[in-house]
Amino acid sequence: MKINKRKEMALRHSRLLEVLSYDRATGVFIWAQNPNSGPPRKGEIAGCLRPNGYIEIGIDGNYYQAHRLAWFYCNGFWPNGYLDHKDLNKKNNRIINLREATFSQNRSNTRAMRDNTSGLKGVVWHKRDKKWQAQISADGRQRHLGLFDTKQAAHEAYCIAAVKYHGQFARFK
């Protein structure tokens, strides 16, 4: 996801508060007044679900991701970089579910890849040695954590490394 800082800086906090209301408990935006274009929407839920899974809201001809608007709405400033959905649900824009993150931290809080054949994050079958290999991506590089007789032992090594390298952004499944 590329962050368009210029577009974000064009939206004033006062304008956001003028056109939308935000419910911290649900993470949902409601139109507080009719937008400048399109049909009247006052009182309706704002935004639409995009193919990438994020909710997007159009304001004054620009489109913004709802999670970034939620941060701006509650804090009065845009996030410095990325925002991470703690629970991985891109539609859950409750402020309590959002946290600022670097690109690396945001990538750390992900599920095991779909093509993962071991069923455990950070664990792959090492064909040559016929053992389970534990690995983790940290500090921009892939780290080999060892070869193990069982995939559970390899996953345990991954979990320990995830806490060490990813801290609060570590995800084990």
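The present account deals with the structure reproduced in this document. Note that the structure is predicted; figures quoted are calculated from it, not measured.

With that settled, consider the nonpolar core. Counting residues in hydrophobic clusters, the biggest one holds 23 residues, and the most contacted among them are L11, L16, L20, F29, I57, I59 and L69. Here this core takes 7 residues from helix α3 (residues 66-75), the largest share from any one element. The contacts of L69, once residues within four sequence positions are left out, are L11, L16, L20, F29, I57, I59, Y64 and W78. Grouped together as the second largest cluster of nonpolar side chains are 6 residues, I136, C159, A161 and A162 included.

Here 3 strands make up an open sheet; going across it, the order is β8-β9-β10 and the pairing antiparallel. Of all strands in the sheet, those with a lone pairing partner are β8 (123-126) and β10 (141-148), marking the two edges. Here the average twist between neighbouring strands, direction ignored, is 35°. In the sheet, strand β9 (residues 131-138) pairs with β10 via 7 bridges, with the strands oriented antiparallel. Bridged to Q133 within β10 is L147. Against the sheet, helix α5 (residues 151-166) contacts β8, β9 and β10, and its axis sits at roughly 10° relative to β9.

Let us now look at α5. Here α5 spans 21 Å end to end across 16 residues, near enough to the 22 Å set by a 1.5 Å rise per residue. Looking only at α5, the buried set comprises A154, H155, A157, Y158, C159, A161, A162 and H166. Tucked inside the fold, the buried residues of α5 contact α4 (103-108), β8, β9 and β10. With its phi angle positive at about 55°, G167 sits one or two positions after the end of α5.

What follows concerns the pattern of salt bridges. Summed over the entire model, instances satisfying the criterion amount to 7 salt bridges. Across the pair D60 and R15 runs a salt bridge, and its minimum N-O distance is 2.8 Å. One end of the pair, D60, is in the loop between β4 (55-59) and β5 (62-65); the other, R15, is in helix α2 (residues 13-19), and 45 residues separate them in sequence. The partly exposed category is assigned to D60, whose relative accessible area is 40%. Here R99 ties to D84 by a salt bridge, and the two come within 2.8 Å at their closest N and O atoms. With R99 in strand β7 (residues 98-101) and D84 in strand β6 (residues 82-85), this residue pair connects regions lying 15 residues apart in the sequence. It is possible to trace a salt-bridge network through shared partners that takes in R15, E18 and D60.

Turning our attention to the packing of aromatic side chains. One pass over the structure, following the stated rule, counts 8 aromatic pairs. An angle of 40° between the planes, with centres 4.8 Å apart, marks the rings of Y22 and F29 as tilted. No difference in accessibility class separates Y22 from F29, as the two residues are buried. Each ring, one from W125 and one from W132, has its centre 4.9 Å from the other, and the planes form 70°; the classification is edge-to-face. Cluster of aromatic residues (ring-pair linked, three or more members): Y22, F29 and Y73. Just above the ring of F169 sits the side chain of R99; from NZ or CZ to the centre is 4.0 Å.

Cut-offs applied
- Residues numbered from 1 in each chain as written.
- Predicted model: local features only at pLDDT ≥ 70, side-chain atom pairs only at ≥ 80, totals over all residues.
- Heavy atoms only, no water.
- Core = buried A, V, L, I, M, F, W, Y, C linked by side-chain atoms within 4.5 Å.
- Buried < 20%, exposed > 50% of the residue type's maximum accessible area, 1.4 Å probe, protein only.
- Helix = DSSP H or I, 4+ residues; strand = E, 2+ residues; numbered from the N terminus.
- Contact = heavy atoms within 4.5 Å.
- Pairing = 2+ DSSP bridges.
- Axes fitted to C-alpha atoms, helices over the stretch in contact; angles between N-to-C directions.
- Expected span 1.5 Å × (residues − 1).
- Salt bridge = Lys/Arg side-chain N within 4 Å of Asp/Glu carboxyl O.
- Phe/Tyr/Trp six-rings, centres within 6.5 Å; stacked < 30°, edge-to-face > 60°.
- Lys NZ or Arg CZ within 6 Å of the ring centre and 35° of its normal.

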